[in-house]
Amino acid sequence: MSFNGRVVVVTGAANGIGKEVSKQYAAKGANVIIADFDEVEGRKHETQIRQAEGKATFIKTDVRNEKDIINLMTEAVRTYGKIDILVNNAGVTRWKSPYDLSIEEWDDIINTNLRSVFLCSREAAKEMKKNEIGGSIVNMASTREAMSEPHTEGYAATKGGIVALTHALAISFGEDKITVNAISPGWIETDDYESLRDIDHTQHPSQRVGKPSDIAKACLYLTHPDNDFVTGTNLVVDGGMTRKMIYEH
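Now for a description of the structure that goes with this document. (Residues numbered from 1 in each chain as written. Predicted model: local features only at pLDDT ≥ 70, side-chain atom pairs only at ≥ 80, totals over all residues. Heavy atoms only, no water.)

Focus: the overall build of the protein
Right, so step 1: Secondary structure summary: the protein contains 7 helices and 7 strands in total.
Right, so step 2: For the protein, the sequential pattern of α-helices and β-strands runs β-α-β-α-β-α-β-α-β-α-β-α-α-β.
Right, so step 3: Here the protein has a C-alpha radius of gyration of 18 Å; the compact-globule value for 249 residues is 18 Å, and the two agree.
Right, so step 4: Overall size of the protein, expressed as C-alpha extent along the three principal axes, is 60 × 40 × 40 Å.
Right, so step 5: The buried share among the 249 residues of the protein stands at 48%.
Right, so step 6: A fraction of 68% describes how many contacts in the protein between residues 6 or more apart in sequence connect residues 24 or more apart.
Right, so step 7: Working note: accessible area of the protein is about 12,600 Å², and carbon and sulfur atoms make up 50% of it.
Right, so step 8: Mean positive and mean negative side-chain charge positions of the protein (29 and 36 charges, respectively) differ by 4 Å. (Helix = DSSP H or I, 4+ residues; strand = E, 2+ residues; numbered from the N terminus. Rg over C-alpha atoms; globule rule 2.2 N^0.38 Å. Buried < 20%, exposed > 50% of the residue type's maximum accessible area, 1.4 Å probe, protein only. Contact = heavy atoms within 4.5 Å. Areas by Shrake-Rupley, 256 points an atom, 1.4 Å probe, with all protein chains shown as cover. Lys, Arg positive; Asp, Glu negative; His and termini not counted. Charge placed at Lys NZ, Arg CZ, Asp CG, Glu CD.)

Pasting the structure below:
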């Protein structure tokens, strides 16, 4: 699965899932834009990809800021000449009771997780529509768009919004040969995988907790040049957990 010459913009790419996604694209021959507010980790990741003979450029970006997003896409085109793929991965979590969540905190979650997806998609699509074969957008949602724990209202609202926004953009951008899909990760362990307990793994129908590489593989599938048919969908990557009936005995 080659992405030679493809230009990929990944937001929130300095850490976690975004870091692995950008790493995998670079390993497949893509020119990768690492967009993140964390300059230290972002530049470290850029260096690591280049040391592995990949192509990557870090661009400091606050996805809450429209000017930053416009600059991100402008610099991506200036650096590599075009944009083929966008992965909207940046996001924040706030576990806080709805009784205590301030309007400022609510707006920050909405602006970081949801508004940024619209703004990044809009600006990237302006460039993708110039390409002969269009482009691909992947939006990172969550299984929490359909199920919740207490005190996750802001996060759940943004992830549900991302799924709805995904199919809306797929319809709007379809005539420009731009596919738009979402991925809903379940439990993806981004820190110490080896410290997980047996019960953590065996409660999954897949018999293991997910890894960032599982999400990267899904991104590669949805954005491959051969895929010009799958669009407007939400691909759940959760080891089967959201299809499992759970009762306490």
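Description of unusual backbone geometry
Right, so step 1: With a phi angle near 70 degrees, His151 is a residue other than glycine that sits in the positive phi range.
Right, so step 2: Mapped onto the secondary structure, His151 falls in the loop between β5 (135–140) and α5 (153–173).
Right, so step 3: The backbone phi angle of Lys177 is positive, close to 60 degrees, even though this residue is not glycine.
Right, so step 4: With respect to the secondary-structure elements, Lys177 resides in the loop between α5 and β6 (178–185).
Right, so step 5: Here Lys177 falls in the exposed class, since its relative accessible area comes to 55%.

A short note on the layout of surface pockets
Gaps between atoms show up when a probe of the same size as a water molecule is rolled over them.
Right, so step 1: Of the voids in this model, the largest pocket is the one considered here, and its volume is about 1,300 Å³.
Right, so step 2: Every residue lining the largest pocket is counted, 45 residues in all, and those nearest its centre are Thr93, Ser142, Arg144, Tyr155 and Gly186.
Right, so step 3: Counting residues per element, the ones that place at least two in the lining of the largest pocket are α1 (16–27), β2 (31–36), α4 (103–128) and α5.
Right, so step 4: If one sorts the elements of the lining of the largest pocket by residue count, α1 sits on top with 3 residues. (1 Å grid on protein atoms, 1.4 Å probe; cavity = no way out; pocket = protein on both sides within 12 Å on 5 of 7 lines; lining within 4 Å. Points joined across faces, edges and corners; volume = space filled by probe spheres on them.)

What about the packing of aromatic side chains?
Right, so step 1: In this structure the tally under the stated criterion is 2 aromatic pairs.
Right, so step 2: Between the aromatic rings of Phe3 and Tyr25, the centroid separation amounts to 5.3 Å while the plane-to-plane angle is 90 degrees, which identifies the pairing as edge-to-face. In this pair, Phe3 is assigned in the segment before β1 (7–11) and Tyr25 in helix α1, connecting sequence segments 22 residues apart. Assigned by exposure class, Phe3 and Tyr25 land together as buried.
Right, so step 3: Sitting above the plane of the Phe37 ring, Lys60 keeps its charged end 5.1 Å from the centroid.
Right, so step 4: Residue placement shows Lys211 over the ring face of Tyr193; its charged tip is 4.8 Å from the ring centre. (Phe/Tyr/Trp six-rings, centres within 6.5 Å; stacked < 30°, edge-to-face > 60°. Lys NZ or Arg CZ within 6 Å of the ring centre and 35° of its normal.)

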